[in-house]
Amino acid sequence: MPILEKPFIVLWASLYLAAVLLIGFWAARRTQSAKDFFIAGQRVGLLVTGLATMSAAFSGFVFIGGPGLTYRMGVASLFICIPVSFTAGLLCWSVAKRLRLLAGVREVFTIPDAFFYRFQCRRTSGLAAVAIVFGTVAYLGAQLLAMGRLIEAIFGTRELFGHWSLAIAMTLGLVVVLTYSVAGGMVAGVYTDLFQGALMVVAAGGVFYYAMKAGGGLGSIAETIAGSDRFGPEFLDPLGSVPIFTALGFFFVFGLGNLGQPHMLHKFYMLDDPRKLKWFPLLLGFTQSACVLIWLGIGLAVPALVVGGRLAPLERPDDAAPAFLLNFVPEMLAGLVFAGVLAAIMSSADSFVNIASAAWVRDLPRALGRPIANELAWGRVATIGTAGLAAVVAYFYGDLIALLGTFAFGTFGAALGPALAIGLNWKRVTAGAASASILTGMSLNIALELLQRQSLFPSLPAIPFAPGVLPTAVSLAASFTVLLAVSWWQGTENGEVQDPAVREVMEM
C-alpha cells in the first residue's frame, strides 16, 4: 500500500506506536523492583488481568496467522479455535487458582518458581526454565514475523525496500517493543494488553460484518468456494482438506496445551485478589469467542473474494488479513483494527521477552545455585538479547506465522502442561516424574520439528508417522504418559509435598 493512499490507517498505526512508547515511559516510573518488572507488582484487577490473558493468547498468531492458515488448508484450521468453548474454564479450575494462591504464600514470580515450591527440586525448575527459553524464542519469533508483515502492509515498505522490506519492518517493530519492554517490563505489557483487548473485542464484530458483506453472506461464500477449481468443496469440509490426524491434533494440542502456556499462566500472578477468579472463565471465554470472529470472517471471505476476482491471489497466505482490511473495510475501522492487531502483537511480544528474561536471569541461575544479585537490571539486558535471537529465528524460519506459533505452543504445552495441571492437583506426582515429563515433552517436540523441516535439514530422516500426525500432539501425549507412568512407579498415596503451605494450597 502506498503510504499516502489510506492516510487514516497510517495515522492510527502511527498514533498507536507513539502511545505504546508513552505507556512504556509511564510504566518505567512504576517499575522499581523485580516484582514490578516480572508480575506488575501483583496489583492488577480482574478486567485488566482477563484482557491481558486474552491478548497474550490471541495476538499475531490468531489475527494474522489464523486467516492465513485457513487460506492454505481450509476450515480444518478452525479446529484450533473450537477448544475456546472450554479452555477458559479448564485453565482456571485446574491451574489458575493454585498458581495465584501459591504466589500469595511464597515469592513466586515465574512458572519455574511454582515448580520449585511444588517439588522442592532445582532440577525440575531448571528444566522448566529451559523449556520456556526454547518456546519463547519461537513464539516471540511468530509475533515479530506477524508484526513485520503488518508494518509492510501499513507503511508500504515492500515497494520502498524490496527484498529487505520484511527485515526492515521487523526491525522497526522490534525497536518499539524493546523500548517499552526494557523500560516498563510487565507493567507496560499489561496496560498495552488492556488497550488492545478492549479494542479488538469491539472491532471483531465490525470486521466479521464487513467480511460477510463483502462475500455476499455465508451461503454465497460457501457456494463460491465450493464451486471453484482453486479451492473446491473440500475447503469447507472440516476433515476433507487435511488428514483427520491433523484436525484432531489441532483440537488436542490447543485444548490441553493451554495448561502449559507461561505467557497466559503468568498473568494469574498479577491478580490482586484470588477470589475474583470465579468470574475469570466468563470474561476470558467471552472475549476469546468474540475475537475468533476475525479469524472466521476473514478466513472464509478472502478465498471467496479471490475466486470472484475481487482480490488478487495471495503471494503469501499470511497476507490474507492485511489484504482484506486494506481493501474491504472502511478506513476508520481498518485503522482501528490495524492498531489493535499491532497492540496485540506488541503486548504479546512484551509478555514473551519478560518471561524469557526471567528464565535467563532468575530461574536458570537459581537452578544452578548461582542467583544474580540485580535481577531487574540484568532482566532488561536479557530482554534485548532474547528479542534479537527470536527475530533472527523468525526471519529464517521460512513458513507461515501460524505454523511457527503452533510449534511454540506445542513446546510449552508438552513441556509444562502435564506437570503443572496434574502436579498441582495430585500429590502422588514426584519431582522425578515432573522432570521426566518436562524433558520428554520439550526434547521430543524440538526433535520432531527438526525432522519435519526437511528443507532446512535434508540429511535428517523423515518422521515415521501416519500422514497428518502433528509432532506437537505426539509430544504432548508422550509427556502426559511419562508423567503418569513415573508418578505411578515412584509416588505414594500421600505424595511428597514437603512445604506445608504448598500442601494447604493443593487441598483448597
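Provided above is the structure to which this section pertains.
None of the values given here were measured: they were computed from a predicted structure. (Residues numbered from 1 in each chain as written. Predicted model: local features only at pLDDT ≥ 70, side-chain atom pairs only at ≥ 80, totals over all residues. Heavy atoms only, no water.)

A. Looking closely at the overall build of the protein. Counting its regular elements, the protein contains 21 helices and zero strands. Taking contacts inside the protein between residues at least 6 apart in sequence as the whole, the part at least 24 apart equals 84%. When the accessible surface of the protein is summed, it comes to about 18,400 Å², and 67% of that surface belongs to carbon and sulfur atoms. (Helix = DSSP H or I, 4+ residues; strand = E, 2+ residues; numbered from the N terminus. Contact = heavy atoms within 4.5 Å. Areas by Shrake-Rupley, 256 points an atom, 1.4 Å probe, with all protein chains shown as cover.)

B. Expanded view of a nonpolar patch on the surface. A cluster of nonpolar side chains, F8, L11, L15 and M332, forms an exposed patch at the surface whose accessible area comes to about 370 Å². The element best represented in the nonpolar patch is helix 1 (residues 7-30), accounting for three residues. In this fold, M332 is placed in helix 16 (residues 331-367). (Patch = residues over 30% accessible without salt bridge, like charges linked within 9 Å, V, L, I, M, F, W, Y side chains within 5 Å. Salt bridge = Lys/Arg side-chain N within 4 Å of Asp/Glu carboxyl O.)

C. Structural view of helix 5 (residues 65-73). Counting buried positions along helix 5 gives eight out of nine residues, so the element sits mostly inside the fold. G65, G66, P67, G68, L69, T70, Y71 and M73 are the residues of helix 5 that are buried. Just past helix 5, the residue G74 takes up positive phi, approximately 90°. (Buried < 20%, exposed > 50% of the residue type's maximum accessible area, 1.4 Å probe, protein only.)

D. Structural view of the packing of helix 6 (residues 84-105) against helix 21 (residues 500-507). Their axes nearest at 10 Å, the elements helix 6 and helix 21 cross at an angle of 150°. Classified by the angle their axes make, helix 6 and helix 21 are roughly antiparallel. Crossing handedness for the pair helix 6 and helix 21: right-handed. Every residue of helix 21 that contacts helix 6 at R98, L101, L102 and V105 is listed here: A501, V502, V505 and M506. Along the lines of polarity and charge, the residues of the contact of helix 6 with helix 21 split into seven nonpolar, no polar and one charged. (Axes fitted to C-alpha atoms, helices over the stretch in contact; angles between N-to-C directions. Parallel < 35°, antiparallel > 145°, perpendicular 65-115°, else oblique. Left-handed = near helix turned anticlockwise from the far one by under 90°. Nonpolar A, V, L, I, M, F, W, Y, C, P; charged D, E, K, R; others polar.)

E. Quick look at the packing of aromatic side chains. One pass over the full model with this rule turns up 10 aromatic pairs. With 5.5 Å between their ring centres and 75° between their planes, Y71 and F231 make a pair best called edge-to-face. With Y71 in helix 5 and F231 in the loop between helix 11 (218-226) and helix 12 (244-256), the pair connects residues that are 160 residues apart, well separated along the chain. Using a relative accessible area of 8% as the deciding quantity, one classes Y71 as buried. F231 gets classed as buried once you look at its relative accessible area, which sits at 9%. An aromatic cluster of three or more residues is present, and its members are Y71, F231 and F235. Over the ring of W488 we find R428; its NZ or CZ atom is 4.5 Å from the centre of that ring. (Phe/Tyr/Trp six-rings, centres within 6.5 Å; stacked < 30°, edge-to-face > 60°. Lys NZ or Arg CZ within 6 Å of the ring centre and 35° of its normal.)

F. Fine view of the nonpolar core. Core analysis: the biggest nonpolar cluster contains 150 residues, and F58, L99, F115, V302 and F324 have the highest contact counts within it. The element best represented in this core is helix 8 (residues 122-155), accounting for 18 residues. (Core = buried A, V, L, I, M, F, W, Y, C linked by side-chain atoms within 4.5 Å.)

G. Spatial organisation of unusual backbone geometry. Notably, Q120 is not glycine yet its phi reads approximately 55°, a positive angle. On the secondary structure map, Q120 appears in the loop between helix 7 (111-119) and helix 8.

H. Here's a closer look at the environment of P303. Inspection of the secondary structure puts P303 in helix 14 (residues 280-307). On the basis of relative accessible area, P303 is assigned to the buried category, the value being 0%. Taking the C-alpha atoms as reference, P303 lies 9.1 Å from G74; in sequence the two are 229 residues apart.

I. Spotlight on empty space enclosed by the protein. All told, the structure shown has six cavities of 30 Å³ or more when counted by the stated rule. The computed volume of the largest cavity comes to approximately 170 Å³. At the level of elements, helix 4 (60-63), helix 6, helix 13 (262-268) and helix 14 are the ones that each hand at least two residues to the lining of the largest cavity. Here the residues of the lining of the largest cavity sort into 13 nonpolar, four polar and no charged. (1 Å grid on protein atoms, 1.4 Å probe; cavity = no way out; pocket = protein on both sides within 12 Å on 5 of 7 lines; lining within 4 Å. Points joined across faces, edges and corners; volume = space filled by probe spheres on them.)

J. Local environment of the side chain of D113. As for its placement among the helices and strands, D113 is situated in helix 7. Of the polar contacts made by the side chain of D113, one reaches the side chain of R362; its length is 2.9 Å. (Polar contact = N/O pair within 3.5 Å; in protein donor to acceptor, adjacent residues only side chain to side chain.)

K. A look at the pattern of salt bridges. This structure, assessed with the given rule, holds six salt bridges. Where D273 meets R275, a salt bridge forms, and the shortest distance between an N and an O atom there is 3.0 Å. On the basis of relative accessible area, R275 is assigned to the exposed category, the value being 65%. With its nearest N and O atoms 2.7 Å apart, the salt bridge here joins E507 to K427. A residue pair is termed long-range when its members are at least 10 positions apart, and E507 in helix 21 and K427 in the loop between helix 18 (401-423) and helix 19 (431-452) qualify at 80 residues. The exposure class assigned to E507 is exposed, which follows from its relative accessible area of 53%. Assessed through its relative accessible area of 23%, K427 is described here as partly exposed. A single network of salt bridges, built from pairs that share partners, joins E107, D113 and R362.

L. Region of the structure containing helix 12. For helix 12, built from 13 residues, the straight-helix expectation of 18 Å at 1.5 Å per residue is met to within 8% by its first-to-last C-alpha distance of 18 Å. Within the span of helix 12, buried status applies to T246, A247, G249, F250, V253, F254 and G255. (Expected span 1.5 Å × (residues − 1).)

M. Seen up close, the packing of helix 6 against helix 14. For the pair helix 6 and helix 14, the least separation of the axes is 9 Å and the interaxial angle reads 150°. Relative to helix 14, the element helix 6 is oriented roughly antiparallel. Helix-helix and strand crossings are classified by hand; for helix 6 and helix 14 the assignment is right-handed. For the pair formed by helix 6 and helix 14, the contact residues are V84, T87, A88, G89, L91, C92 and W93 on the first element and F280, P281, L284, G285, Q288, S289 and V292 on the second. Of the residues in the contact of helix 6 with helix 14, the class split is nine nonpolar, five polar and no charged.

N. Local environment of the side chain of T124. Residue position: T124 is located in helix 8. Of the residues examined, T124 reaches a relative accessible area of 0% and is grouped as buried. Setting aside residues up to four positions removed in sequence, T124 forms contacts with F115, F119, A431, A434, S435 and I438.

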